[in-house]
Amino acid sequence: MFGGWEDSRWDVDDVAFALRFDTRKKWFLAGADKPKHFTSNVFFKHDLDEDVRMTERYRIWTTQSGKGREVAVLGVRVEDDKTAAAGVTIQSIADIVKENWFVYSILGSNPNLFLLVGHMSLSYTGDKWNDLHAAIRQKHPITHIFMFSGHTPNRDCRMDFDAIGHGRSIALESGRYLETVDWVGATLTDPSKPVKLVRRYLDPNRESFLRHSGVDKGSFDTEIEKEVMRKFDELAGRMGLDEFYGCAPQTYHWDHEKYSENAKDRVLNFYMDQVFPDVVNVRDAATGEKRPYFALLNNGLMRGPIYKGEFTKNDKYINTPYKQRFSYIRLPRLIVERVFEMLDNLQGAEDVVTDFSTAYLRNELIRKFMLTSPGYVTKDRCEQQLGPGDDTIHSSSGLCIQYPPTYVYSRFLPTPNLDKYNFVDLVAIQRLEDRVCAVANAAIALHNGFCEDK
């Protein structure tokens, strides 16, 4: 049976309720004719146990510049059963395309292009994009369809949705954690002519935007931009995001060097060895004495490197955005060690990934406004049709991405002389609770079976 600790940070439940009672009202107050936010398939559970839509489901408008083209917009989220605990329901794509509003307002419209934005991966949930695309394409065989996706931390592109559209559909997926701005340029031609498409993955820093805009530095900053930045700085000040926590004595890497359990410059090891013992106080409730324990983390706990130098509240939220709850279970030391052996076999910790599809641009590069980036060279599925999508000037030929193992655990005990049958605490992130239980039960069954055979 698991017990648990937690820290004071907000989690998804808090964010969901804040959206429901505060932010949602502001979005709707923006005006029914011009809503500022779209979520086509996300609902909150009402007090009367009724599903209430979070925002407007779609919008159709005419562009104010150029040729005044009509655009139909949807915003979707991949289905996720985990949101139910927060009172949030996500409608499936299969159900969306049957809704009256979709059939009559979306399919019944006649826009120059469809713009679909979604927190759905092109790879893992590509079938969902296929379903949404197919429903539109059946009614609009040659209308342009532009899709921008997310969820997995990879840059990617697809143009293989069907043969009917004759290359009039394209989908892009950004890199991880605001590292990429996807950009698509298109010549919206007569339906009888082929469409010309260009796509770029832009590193989100000033020099990248400056180079792609073709504007000189003196006129790059507009008055509107300065006012927006002033408001951001003011907001950050009110929220205390610039609160100084301390200075990191060195850089702690996350993924661009091969993980080693003994390396002192790996961010997961830093958390395990120096942060975790202070965060989680494993003591006997009756005696107050420290209890022997093992700790189990996963690589999602820390979302990126910590760079040498100033560390602020903002850096903390960037690196560990979720509330961290910890659970524990009492097991014989022998079983805990067997659990770790089984997890090692599951995660393939020694595999080296040489895929350059993910952007690599962190705070230190943004702050220094570098002209060149040592980041990953982007390869995607549209390169044959459209050429390279990454035109960033790299200072190297690209890095070899070597992800840290999925599971990281302590390989020591405060009292290492314990017998293998003495009980210890296995402390893990709460989101791993079900997995730990499953593996622990398998380890116990394996041990019991071995003993019976003997």
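Located above this text is the structure these notes cover.
Read on for an overview of the structure.

Take helix H5 (residues 206-213) next. Regarding H5, the residues found buried are Glu207, Ser208 and Leu210. Axial view of H5: buried residues confined to an arc of 165°, hence all on one face. Along its buried surface, H5 packs onto strand E12 (196-202) and helix H6 (217-220). Looking one or two residues past H5, Gly214 carries a phi angle of roughly 75°, positive in sign.

Its location among the elements puts Tyr421 in the loop between strand E17 (407-409) and strand E18 (423-429). With relative accessibility at 46%, the residue Tyr421 sits in the partly exposed group. For the pair Tyr421 and Ile335, spaced 86 residues apart in sequence, the C-alpha to C-alpha distance is 8.4 Å. Filtering out sequence-adjacent residues up to four positions away, Tyr421 remains in contact with Pro332, Leu334 and His447.

Read from one edge of the open sheet, 3 strands run E3-E2-E6, paired in antiparallel fashion. Each edge of the sheet is formed by a strand with only one pairing partner; in this case those strands are strand E3 (51-53) and strand E6 (88-90). For this sheet the average axis-to-axis angle between neighbouring strands, irrespective of direction, equals 40°. Alignment of strand E2 (residues 42-45) against E3, held across 3 bridges, turns out to be antiparallel.

Basis of the calculations
- Residues numbered from 1 in each chain as written.
- Predicted model: local features only at pLDDT ≥ 70, side-chain atom pairs only at ≥ 80, totals over all residues.
- Heavy atoms only, no water.
- Buried < 20%, exposed > 50% of the residue type's maximum accessible area, 1.4 Å probe, protein only.
- Helix = DSSP H or I, 4+ residues; strand = E, 2+ residues; numbered from the N terminus.
- Arc of directions from axis to C-beta.
- Contact = heavy atoms within 4.5 Å.
- Pairing = 2+ DSSP bridges.
- Axes fitted to C-alpha atoms, helices over the stretch in contact; angles between N-to-C directions.

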